[in-house]
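# Fold and geometry: a report
The residues making up each chain are set out below.
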Amino acid sequence: MVDMLTISSNLLYASFFLYLIATFFFGGTIRDREKGSSQMAGNIGIVITIIGFLSQAGYFFTRWSASGHAPVSNLFEYTTFFGMMLVLAFIVLYFIYHVNWLGLFALPVALLLIAFASMFPTELSPLVPSLQSHWLYIHVTTASLGQGILSVSFVAGLIFLIRQVDQTNKSKHTSWLEFVLYVLVATIAFIIISTTFSAMEYEATFQAPVNGQEAEITYELPAIVGPASGELLSTEAMSPLFSAPEWMKGQDAAKKLNTFLWSIFGGVALYGLLRLLLRKRIAASIQPMLKRVNPELVDEVAYRAVAIGFPIFTLGALIFAMIWAQQAWDRFWGWDPKEVWALITFFFYAAYLHLRLSRGWQGTKSAWLAVGGFGIIMFNLIVVNLVISGLHSYA
Amino acid sequence: MRQINCECGHVNPEGTVLCESCGKPVEGNQHIDGNEGEQLLNMRYDGTARRSQTYNRTVVDKVWNFFSSVKVGVWLIVTTVIASAVGTIFPQEMYIPPNVDPATHYQDQFGLLGQIYYQLGFHNLFTSWWYMILLAMIGISIIIASIDRFFPLYKILKKQKPKRHETFMKKQRVFGRTESEDVDIERFKQNLKKQRFKIFEQDGHLLAEKNRFARWGPYVNHIGLIVFLIGALLRFVPALYIDEFVWVREGETAVISGTEGKYYIENKDFILETYDENDERFQDAIQNQGAPIPKNFQTDAVIYERVDDIVPGKEPELEVLKEASAKMNQPIKFEEFALYQASYQLNEFSEMTFKIHDKEDEDTNYGEFTVDLTDPKTEYELGNGYNVVIENYYPEYEMNDGRPVSVSKFPKNPAFVFNLYPPGESEPETSFLGIGANIDASGDNQYKLGLVNFDVRDVTGLTVKKDYTLPIIALGGAIFMIGVIQGMYWNHRRIWLQPKENGVWIAGHTNKNWFALRRDIGKAVEGTRIEEPVDQFEMKS
Amino acid sequence: MKESTLKKKQKRLIFRSAMLLVMAGLVVFAVVSSLGGEDAVIAKGEKAPNFQLKKFGTDETVDLRDLEGKGVMLNFWATYCEPCKDEMPYMEELYDKYENQGVEILAINLDSTDIVVERFLQEYGLTFPILRDESGQVMDLYQIGPIPTSIFINPEGEIVEQVRGALTLSKLDGYLQQITPE
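What counts and how
- Residues numbered from 1 in each chain as written.
- Chains lettered and ligands numbered in written order.
- Predicted model: local features only at pLDDT ≥ 70, side-chain atom pairs only at ≥ 80, totals over all residues.
- Heavy atoms only, no water.
- Helix = DSSP H or I, 4+ residues; strand = E, 2+ residues; numbered from the N terminus.
- Rg over C-alpha atoms; globule rule 2.2 N^0.38 Å.
- Buried < 20%, exposed > 50% of the residue type's maximum accessible area, 1.4 Å probe, protein only.
- Contact = heavy atoms within 4.5 Å.
- Lys, Arg positive; Asp, Glu negative; His and termini not counted.
- Charge placed at Lys NZ, Arg CZ, Asp CG, Glu CD.
- Areas by Shrake-Rupley, 256 points an atom, 1.4 Å probe, with all protein chains shown as cover.
- Buried area = accessible area lost by both parts, 1.4 Å probe.
- Salt bridge = Lys/Arg side-chain N within 4 Å of Asp/Glu carboxyl O.
- Polar contact = N/O pair within 3.5 Å; in protein donor to acceptor, adjacent residues only side chain to side chain.
- Phe/Tyr/Trp six-rings, centres within 6.5 Å; stacked < 30°, edge-to-face > 60°.
- Lys NZ or Arg CZ within 6 Å of the ring centre and 35° of its normal.
- Nonpolar A, V, L, I, M, F, W, Y, C, P; charged D, E, K, R; others polar.
- UniProt positions renumbered as here; feature names shortened; annotations may be inferred.
- Pairing = 2+ DSSP bridges.
- Axes fitted to C-alpha atoms, helices over the stretch in contact; angles between N-to-C directions.
- Patch = residues over 30% accessible without salt bridge, like charges linked within 9 Å, V, L, I, M, F, W, Y side chains within 5 Å.
- Disulfide = S-S within 2.5 Å.
- Left-handed = near helix turned anticlockwise from the far one by under 90°.
- Bend = angle between axes of the 7 residues up to and from the residue.

## Side note on the overall build of chain A
Of regular secondary structure, chain A possesses 11 helices and five strands. Taken against the 2.2 N^0.38 rule, which gives 21 Å for 395 residues, the C-alpha radius of gyration of chain A at 22 Å falls within 12% of a compact globule. Seen through its C-alpha atoms, chain A measures out along the principal axes to roughly 65 × 55 × 45 Å. When each of the 395 residues of chain A is scored for burial, the buried share is 59%. Counting only contacts in chain A whose residues sit at least 6 apart along the sequence, the fraction spanning at least 24 positions is 74%. With 22 positive and 22 negative side-chain charges, chain A shows a separation of 18 Å between the mean positions of the two kinds.

If you want it as structure tokens, here you go:
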């Protein structure tokens, strides 16, 4: 059993590095002016991506056999799987359009997701009775595949914006685009900070009242913000700069706020560093690399991803979800936050399609919508799970 | 009504943008689809006259046109999205703990914002009348917008002719001229047929078309949504939808609510299993959780049907209908009803055994007796001269002004006032016994009663559902899926060929995926000496 | 030409109006149903639904239907309900007087054990008929929420009044007079 788990996590590491290597090959395709060698690099890139995907599939099934259930039952497992589905969606669209630039951006997003996933507890967790159903695999995998494909639309939208937004002047477009890139950078910062402190085995334990009872809360990051009326127990830890407001009541509310603040500040630092090095906006520095990319094609890939992903998402995240909810909780719809956000995602992409088909929203507008859609998907994954809890709360 | 005679001889209805037959732009109507001064034609609905854009006279027309607008539809969606998001900021009333007053709960838990949230009624947002009206308006918009678009589109695609006007050709996004004497049109047709295009011919003009059915996808999925909404609406009809709840104690038989006294359920056993904390696989997770993780909730039950005349309260005559177990994800189904494992309460007291001993010496034993808490007797004779009379019984006792009172009928915290008659005595010794309380009433009792054993039982909570709307809702979902797949995974593609004195013109149109259309054309012109057309569209950033 | 256009216009108006009316009707239905809550079976003027319960301490059963022609007061109560304790003596006080005038007081007890009822009756010295509804079926039938709740039924078997919460002596007297047969 435990051996299986070791194999499984090694396969995940392997896939992570394969995706990383593939990204560099796709990067090579953009720089090279010679068509032949560029195509060569692209072919190698996609082959490595596929091997990486198979390796991650290996992780998935070995972990399945180790735990006895499909590994989509906690935040680590789900986010990892989401990354895997993003890669799958990329592979599918690669074979439809043969575009290398998509890999250069899609794989880093997948890498980010997988790295982000491993910041959550990775141990095997047993299934509570409501999750013990075949619909767990059917619903979660389909929903996740749909989200993965929709995320490719975000990737293409981002490429479109970096390619098309006029960088000669500061505008709303440039600022928002920098903000999106900042969020990605902040995610990297969060991963670096968490990994560093967990390698140092940093711990700061507080005693604080939680729902009227004294409880111990352990931070894995130095406390910028401590729990409301908390008392630091660890001797060698940094004492918090300030305390969380009283209304933050959950067991880990202050701890989550602390992690959030670290990510924001880490993101600012990292982003600032990049700006110093590049001496211009990040998007402006990437833009020249994309000069040879055909914007109409990018726009079409973004749209195609929505066209393919929307039905799959609807099937997995709404229809299969309803069938399962009917079985497990005797109602197919309960206005649980996660359900509502799935519905919001559905509505959002429905609006995207209507705006595009009937009102001619193409290009930049459409690309911004794709970015917004991904924002909603990530909100549903992270904020709804960690902040707004409900029946689906993994954490 | 003004009608428009096109030069090709076709008579178009008012509001037409592109001639239904040949596609020539109708003068004076180009503003409708924003074609003025544009290089390319807007091919939305093939330039047909949409009624919503044409008639706007009475109030009925105005209301109709309001809902027909896609812009309005999108605004309705945006509003719903924002409202729904607001509804998830704090938990809805149905998810706050029962037995708390929402008026104070929101304020206590979430402070001022929570109070505002509550006072604005957002704690019941999804069942509020205005949210329902919002959804209903989306439904109305779907119906009207579909009616207004489907019929004109259907007609025009039926009426279209292969022979197109030159302007129409030139202003297509994909367009190319080939100047050559010997183009192989037969080969071109063959190539198209290989790609499953249907070919229509008129005086040497060609129209190749495939996947027209994909254009019906949106309307099919809209029908699905409407069926779904109607299914949801029918839940308000009591005969079609019942949602009740029943609590049953182990060993007891209770009438199943919502069945009008016809069905009864006996709870034979309620089972709660948890994961073994020594399980190698899940050890870490269970330790992190700090509490046992449940593995199974199950009620072993017998369902009975009442066979005598149903008079509530009267002792029923029951016949076994079926024996079954309800688990999470596996409801018990019988007739039109389903019972779902929904809740439980563990460890309600069912029996307590007491012994009589000397006040000073707990090891003595003058006899034991067992009280069945579901039906305590008034008097227990121990057979050796000792008698115990239950002077008072409090199933769930609390102290109220120094007096014990019961706050419910359920033996959750039972207490007794016992009168103990030692052999030959007519004056009893009185004592009060509860969990953690053993009070000698007079203070000079010789004997004492002690709890030696107890039995507990569980209570199971099951949801009772009858739902005739599910098939309709499922049908709606299925139709919706068919519609989206039809519209999204197939694309309507058309290629026109116009013979010229010196060569041919080719134009192509699709409702999505232009690269795929150009690939199709690329394959079609292979070996025909027709030049591949170009994409005239230029992306504006 | 002109006529056919007019006809078309008219047809369009009728079609649109009909569609809008049907849809508006459905919306109104949904909103009203969701706001209206459960339909009250137990309302003033409705026929009181029949039931059959055992009289406490005997094997005798009481059928509500058999009491037609008499005024009937149903009082839902339990020993653990504090306000019930206050109103029981008033019923005891008025019971004899109204029984002679053709009014039956039926106190429907919702406890689960006999002993608590027996002790309660001894403590309060109650003599009017107590019915036991152990399974709570009659309580469900009459959609009883908080207890005590009293329901007054006239000799025709129709519900005259439903009172939630404890009654005072004078109010009880007033209601009983309302259902006294002529």
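## Considering the overall build of chain B
When helices and strands are counted, chain B shows 11 helices and 24 strands. Whereas a compact globule of 541 residues would reach a radius of gyration of roughly 24 Å, chain B reaches 39 Å, over 25% beyond that. Its C-alpha atoms put chain B at 130 × 55 × 55 Å along the principal axes. Expressed as a percentage of contacts within chain B between residues at least 6 apart in sequence, the contacts between residues at least 24 apart total 61%. Total accessible area on chain B is roughly 25900 Å²; 50% of this is exposed by carbon and sulfur atoms. For chain B, the separation between the mean place of its 58 positive charges and that of its 76 negative charges on side chains is 22 Å.

## Re the environment of Phe76 of chain A
Residues and elements named next belong to chain A. Among the secondary structure elements, Phe76 is positioned in helix H3 (residues 75-97). Given the relative accessible area of 4%, Phe76 is considered buried. Put simply, Phe76 and Pro121 are 45 residues apart on the chain and 6.6 Å apart in space, counted from C-alpha to C-alpha.

## Considerations on the interface of chain A and chain B
Listed as interface residues are 71 residues of chain A and, on the opposing side, 62 residues of chain B. Carbon and sulfur atoms make up 65% of the area that chain A and chain B hide from each other, which totals about 5600 Å². The closest approach of N and O atoms between Asp330 of chain A and Lys465 of chain B, which form a salt bridge, is 3.7 Å. Scanning the region where chain A abuts chain B turns up 17 residue pairs in polar contact (both at pLDDT 80 or more). Taken together, the elements giving at least two residues each to the side of chain A that touches chain B come down to helix H2 (35-67), H3, helix H5 (134-164), helix H9 (295-329), helix H10 (337-359) and helix H11 (363-386) of chain A.

## Remarks on the packing of aromatic side chains
In total, this model carries 68 aromatic pairs over all chains according to the counting rule given. Ring geometry for Phe61 of chain A versus Trp64 of chain A: centroids 6.0 Å apart, planes at 10°, classification stacked. Placement of the pair is Phe61 of chain A and Trp64 of chain A together in helix H2, with a separation of three residues, close to one helical turn. Look at Trp64 of chain A and you get partly exposed, because its relative accessible area is 25%. An angle of 85° between the planes, with centres 5.7 Å apart, marks the rings of Tyr94 of chain A and Phe95 of chain A as edge-to-face. Connected via pairs of aromatic rings, a cluster forms that spans Phe354, Phe369, Tyr380, Tyr393, Phe416 and Phe418 of chain B. Across from the ring centre of Phe168 of chain B, 4.3 Å away, lies the NZ or CZ of Arg164 of chain B, which sits over that ring. Here the basic side chain of Lys500 of chain B rests over the ring of Trp505 of chain B, its NZ or CZ set 4.3 Å away from the ring centre.

## Quick notes on the interface of chain C and chain B
Across the contact, 42 residues belong to chain C and 52 residues belong to chain B. Across the chain C to chain B interface the summed buried area is about 3800 Å²; carbon plus sulfur atoms make up 66%. Between the two partners, chain C and chain B, sit two salt bridges. Residue Asp61 of chain B is joined to Arg12 of chain C by a salt bridge in which the shortest nitrogen-to-oxygen separation is 3.4 Å. Linking chain C to chain B there are six residue pairs in polar contact (both at pLDDT 80 or more). Among the secondary structure elements, those contributing two or more residues to the side of chain C that touches chain B are helix H1 (2-36), strand S1 (52-55), helix H2 (82-100), helix H3 (114-124) and helix H4 (137-141) of chain C. Here the element with the most residues in the side of chain C that touches chain B is H1 of chain C; it accounts for 19 residues. Class assignment of the residues belonging to the side of chain C that touches chain B gives a composition of 20 nonpolar, nine polar and 13 charged.

## Some details on the UniProt feature "transmembrane region" (unreviewed entry) in chain B
All names here are of chain B. Listed under "transmembrane region" (unreviewed entry) in the UniProt record, and renumbered for this structure, are residues 72-90, 129-151, 219-241 and 468-490. For residues 129-151, the helix share is 100%, the strand share is 0%, and the end-to-end C-alpha distance is 33 Å. The straight-line gap between the two end C-alpha atoms of residues 219-241 is 29 Å; of that span, 70% is helix and 4% is strand.

## Thoughts on the sheet that holds strand S2 (residues 213-219) of chain A
All names here are of chain A. Judged by pairing direction, the sheet is antiparallel, and its three strands sit side by side in the order S2-S1-S4 without closing on themselves. The two strands at the open ends of the sheet, each matched to only one other strand, are S2 and strand S4 (231-232). As defined by bridge partners, strand S1 (residues 204-210) adjoins S2 across seven bridges and the pair is classed as antiparallel. In the strand pairing of S2, Val210 is matched with Gln213.

## A short note on the sheet that holds strand S3 (residues 174-178) of chain B
All names here are of chain B. If you trace the six strands from one edge of the open sheet to the other, you get S4-S5-S22-S23-S3-S24, paired in antiparallel fashion. Pairing within the sheet leaves two strands with one partner each, and these edge strands are strand S4 (198-202) and strand S24 (534-535). Examined bridge by bridge, S3 and S24 share two bridges and lie antiparallel to one another. Pairing of Val174 across the sheet is with Asp535, part of S24. This element, helix H11 (residues 514-525), spans S3, strand S5 (205-210), strand S22 (493-500), strand S23 (503-510) and S24 of the sheet and lies at about 150° to S23.

## As for a positive patch on the surface
The grouping of Lys155 of chain B together with Lys7, Lys8 and Lys11 of chain C at the surface amounts to a positive patch. Considering each element in turn, the positive patch owes the most residues, three residues, to H1 of chain C. You can see Lys155 of chain B is positioned in helix H5 (residues 129-159).

## Digging into the state of the cysteines
All names here are of chain B. Overall, the coordinates contain one disulfide over all chains when judged by the stated rule. Not part of a disulfide, Cys19 finds its nearest cysteine sulfur in Cys6, a span of 3.6 Å. In this structure Cys22 is a free cysteine whose sulfur lies 3.7 Å from that of Cys6, the closest cysteine sulfur available.

## Details of the packing of helix H6 (residues 172-199) of chain A against helix H7 (residues 253-278) of chain A
Residue and element names in this part refer to chain A. For the pair H6 and H7, interaxial distance at closest approach is 7 Å and the crossing angle is 115°. Our pair here, H6 against H7, has a crossing hand that is right-handed. Together, Glu178, Tyr182, Val185, Ala186, Ile188, Ala189, Phe190, Ile192, Ile193 and Phe197 of H6 and Thr259, Trp262, Ser263, Ile264, Gly266, Gly267, Val268, Leu270, Tyr271, Leu274 and Arg275 of H7 make up the contact between the two elements. Classifying every residue of the contact of H6 with H7 gives 15 nonpolar, four polar and two charged.

## Observations concerning H9 of chain A
All names here are of chain A. Where H9 bends most, the angle comes to about 35°, and this point is Ala321. The buried count for H9 comes to 31 of 35 residues, which makes it a mostly enclosed element. The backbone nitrogen of Glu296 lies 2.9 Å from a side-chain oxygen of the residue at the head of H9, namely Asn294. At the C-terminal side of H9, Asp330 shows a positive phi close to 60°.

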